[in-house]
Amino acid sequence: MSRNVVTTAGLVAAVLLTGACTAERVAVPMVRQAATTAPSPLPPPPPLPLPPDAEGTPVPGLPHRKTPGPMPRPDVEVITGEPEPQPSVPPMPSPVPPSLPPSLPPSLLPSVPPDTLAPDATRIPATGVSALPPPPPALASSLAQPYATGLPLPPTGPPRFILAGRTPIPHYEGRAKEPSSHTLVRPAVHDAATGKLIAEVPLPPGVTTSWQYVAAARDNRTFAVSTLTRPGGDTRYVVVRLDDHGRPAKTLLVPGDVDDAHAVALSADGSRLAFAGFDRVSIVDVATGQRRDWNSRSPLISGLAWSPDGRRLAFAASPHGLGVLDPARPETDLIAASTIVKQHEAMSFLQSVAYSADGRSLIYSQGNEIATIPAGGGESRALVRLKLPGGGIIQRFALEGTGRYALLTHGPWLIRVDLEKRTARTLPNPGDFGQPAW
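Residues numbered from 1 in each chain as written. Predicted model: local features only at pLDDT ≥ 70, side-chain atom pairs only at ≥ 80, totals over all residues. Heavy atoms only, no water.

1. Quick word on the overall build of the protein chain
On a plain count of helices and strands, the protein chain comes out with 1 helix and 31 strands. Within the protein chain, the proportion of its 438 residues that are buried is 52%. Taking as baseline every contact in the protein chain between residues at least 6 positions apart, the subset at least 24 positions apart corresponds to 57%. When the accessible area of the protein chain is evaluated, it comes to approximately 19100 Å², of which 58% is carbon and sulfur surface. (Helix = DSSP H or I, 4+ residues; strand = E, 2+ residues; numbered from the N terminus. Buried < 20%, exposed > 50% of the residue type's maximum accessible area, 1.4 Å probe, protein only. Contact = heavy atoms within 4.5 Å. Areas by Shrake-Rupley, 256 points an atom, 1.4 Å probe, with all protein chains shown as cover.)

Structure representation (structure tokens):
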């Protein structure tokens with residue numbers, strides 16, 4: 001089950017990771033209005049464009065969310081020459097220090113999400129909280145073969161489609177601090193060359209709205225996207241198969257709920273889904289829901305990636321660094337079952353990780369740089385350094401099946417990076433993309 005109560009340090013880590021994500025799964029920007037707006041029924045009607053007005057301009061494909069327009073498309077500059085030195089980041093403390101007293105003071109108690117409004121407008125009261133967080137559930141071990149052995153789905157050339165996991169839109173009455181209702185949304189397919197909306201993905205029974213995390217197999221047709229049973233409810237994953245026109249052809253609800261995951265990866269054959277929560281990494285069989293967990297002992301795992309053969313899982317974690325998990329090993333501790341490829345002390349602002357197309361190298365983001373390192377360890381080298389508008393760093397990127405093109409977001413914009421030609425460009429259509437994949 002999803003855990004609605006997290007530790008203070010765990011919550012800080014989640015905020016640092018997602019930026020716009022809160023403990024109650026409410027996205028920003030928030031839309032305030034004078035009267036309650038009931039959620040759209042499922043399935044929602046096709047999006048209708050809103051006329052521009054004095055408050056802003058509508059975002060294509062998002063009829064209920066506005067941007068403070070006009071919004072000029074930002075330029076992305078590729079930096080040449082030697083990288084500038086970056087400040088070191090000390091390792092983050094464990095979310096639950098072993099020296100905790102038997103009773104925490106009120107200022108250190110984990111926060112309780114405010115009341116959440118269900119899709120049927122029934123108010124669900126917030127539950128109380130004990131002096132100490134409940135003990136973590138036992139590690140799952142029902143998946144006897146956590147690695148993937150199916151035939152990898154082949155890359156289909158340069159990516160044509162992007163799948164975005166949008167977030168439900170909260171609505172407020174007057175100056176209320178809690179939402180009175182939400183507009184439910186569905187995952188969206190976008191053109192990989194322009195960012196233009198192609199189609200929305202219908203959700204299967206059991207879930208009501210999209211959520212922000214997405215992973216892709218190598219074929220640019222098979223995806224896994226996070227969804228919610230209701231705004232603020234449990235997380236479930238849906239596997240989506242697109243046809244050659246980018247239209248949803250098939251959806252599969254992965255059995256079982258998911259812990260509060262903030263990194264996700266889909267194996268090359270589409271049979272195994274890996275995700276990371278605040279204290280563990282899990283691998284689940286998408287057909288049966290059976291899973292296996294590893295205790296991560298890490299407050300922040302920001303990236304996961306499957307090797308092309310499905311037998312290794314790379315991760316980017318603080319305070320450990322870049323590592324590779326061997327799922328066949330018997331250990332239940334993530335670090336004990338893994339090889340650390342590069343220590344965190346040598347890496348500032350470590351975020352994403354991916355495998356190269358041949359599986360020999362890891363590709364990762366560090367600050368404003370995308371770099372590569374041999375999967376077994378060795379010397380790293382920069383592939384491209386970007387100067388983002390406003391001096392931002394690369395939060396996360398998604399690498400497509402050929403290993404040439406990386407996709408990252410900057411505010412409402414998608415940025416497409418050619419790692420071979422060392423070029424980058426901003427796609428012309430803004431939107432609510434969450435953490436997309438291709």
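2. Some details on the environment of H245
Tracing the backbone through its elements, the reader meets H245 in the loop between strand 14 (235–242) and strand 15 (248–253). The exposed category is assigned to H245, whose relative accessible area is 61%. Placed 84 residues apart in sequence, H245 and F161 show a C-alpha to C-alpha distance of 8.9 Å. Each residue touching H245, except ones within four places of it in the same chain, is listed here: F161 and I198.

3. Remarks on the packing of aromatic side chains
Taken as a whole, this structure holds 0 aromatic pairs when the rule is applied. The lysine or arginine in question, R416, covers the ring of Y405, its NZ or CZ lying 4.7 Å from the ring centre. (Phe/Tyr/Trp six-rings, centres within 6.5 Å; stacked < 30°, edge-to-face > 60°. Lys NZ or Arg CZ within 6 Å of the ring centre and 35° of its normal.)

4. Examining the pairing of strand 16 (residues 263–266)
Of the two faces of strand 16, the one lined by A263 and A265 and the one lined by V264 and L266 are each fully buried. Two elements, strand 16 and strand 17 (residues 272–276), share 4 bridges in a ladder whose sense is antiparallel. Each residue of the ladder has a partner; that of V264, found in strand 17, is F275. Taking the residues between adjacent antiparallel strands as the criterion, strand 16 and strand 17 are bridged by 5 residues, where G270 takes a positive phi near 75 degrees. (Pairing = 2+ DSSP bridges.)

5. Focus: the nonpolar core
Core analysis: the largest hydrophobic core is formed by 18 residues, its most contacted members being I283, I301, L304, L313, F315, L325 and L334. Listing elements by their share of this core, those giving two or more residues are strand 16, strand 17, strand 18 (280–285), strand 20 (300–306) and strand 21 (313–318). Sequence-distant contacts of L304, that is, excluding residues within four places in its chain, are made with A263, V264, A265, A274, F275, A276, L313, A314, F315 and V353. (Core = buried A, V, L, I, M, F, W, Y, C linked by side-chain atoms within 4.5 Å.)

6. Describing unusual backbone geometry
Trans is the prevailing form of peptide bonds, just as negative phi is the prevailing case for residues other than glycine. For N220, which is not glycine, the phi torsion reads 60 degrees and is therefore positive. As for its placement among the helices and strands, N220 is situated in the loop between strand 12 (209–216) and strand 13 (222–228). With relative accessibility at 4%, the residue N220 sits in the buried group. Phi is positive for R422, close to 60 degrees, though the residue is something other than glycine. Examined against the element boundaries, R422 turns out to sit in the loop between strand 30 (413–418) and strand 31 (423–426). On the accessibility criterion, R422 (36% relative accessible area) is partly exposed.

7. What to know about the pattern of salt bridges
Overall, the coordinates contain 13 salt bridges when judged by the stated rule. Residue E200 is joined to R166 by a salt bridge in which the shortest nitrogen-to-oxygen separation is 2.6 Å. Residue E200 is found in strand 11 (residues 197–200), and its partner R166 is found in the loop between strand 7 (161–164) and strand 8 (169–173); the two are separated by 34 residues along the sequence. This pair shows no difference in class: E200 is buried, exactly as R166 is. Across the pair D279 and R280 runs a salt bridge, and its minimum N-O distance is 3.1 Å. Taking the relative accessible area as the measure of exposure, D279 reaches 21% and is therefore partly exposed. Overlapping salt bridges, with partners in common, bring together D279, R280, R291 and D293 in one network. (Salt bridge = Lys/Arg side-chain N within 4 Å of Asp/Glu carboxyl O.)

8. Focus: the sheet that holds strand 29 (residues 405–410)
Each strand in a sheet pairs with its neighbour through backbone hydrogen bonds, running either in the same direction (parallel) or in the opposite one (antiparallel). With antiparallel pairing, the 4 strands of this open sheet are ordered in space as 28-29-30-31. On the outer flanks of this sheet lie strand 28 (397–399) and strand 31, each paired with one strand and no other. Each neighbouring strand pair of the sheet contributes to a mean axis angle of 20 degrees, computed without reference to strand direction. Inspection of the sheet shows strand 30 paired to strand 31 by 4 bridges, in the antiparallel sense. Considered in strand 31, the bridge of I415 is made with T426. (Axes fitted to C-alpha atoms, helices over the stretch in contact; angles between N-to-C directions.)

9. Quick notes on the environment of G233
Residue placement: G233 occurs in the loop between strand 13 and strand 14. Residue classification places G233 among the buried positions, given a relative accessible area of 5%. Sequence-wise, G233 and V207 are 26 residues apart; in three dimensions their C-alpha atoms are separated by 9.4 Å.

10. So, empty space enclosed by the protein
Applying the stated rule across the entire model yields 2 cavities of 30 Å³ or more. Lining the second largest cavity, in full, are T156, G157, P159, A217, R218, N220, E400, G401 and W438. For the lining of the second largest cavity, the residue count by class is 3 nonpolar, 4 polar and 2 charged. (1 Å grid on protein atoms, 1.4 Å probe; cavity = no way out; pocket = protein on both sides within 12 Å on 5 of 7 lines; lining within 4 Å. Points joined across faces, edges and corners; volume = space filled by probe spheres on them. Nonpolar A, V, L, I, M, F, W, Y, C, P; charged D, E, K, R; others polar.)

11. Focus on the sheet that holds strand 19 (residues 291–295)
Strand order in this open sheet of 4 strands is 16-17-18-19, and the pairing throughout is antiparallel. In the strand order of this sheet, the two ends are held by strand 16 and strand 19, each with one partner. Here the average twist between neighbouring strands, direction ignored, is 15 degrees.

12. Side note on the confidence of the model for the protein chain
Per-residue pLDDT for the protein chain has a mean of 75; in total, 69% of the residues score no lower than 70. Between residues 1–70, whose pLDDT stays under 50, and residues either more than four places distant or in other chains, the model counts 147 contacts. For residues 83–131, every residue scores under 50 in pLDDT, and the model assigns this stretch 78 contacts once sequence neighbours within four places are set aside. (pLDDT = per-residue confidence, 0-100.)

13. Considerations on the side chain of S365
Following the sequence through the fold, S365 ends up in strand 25 (residues 361–366). Judged by its relative accessible area of 0%, S365 falls in the buried class. At 3.0 Å, the side chain of S365 forms a polar contact with the backbone nitrogen of S352. Not counting the four nearest positions on each side in its chain, S365 is found in contact with F349, L350, Q351, S352, I370, I394 and F397. (Polar contact = N/O pair within 3.5 Å; in protein donor to acceptor, adjacent residues only side chain to side chain.)

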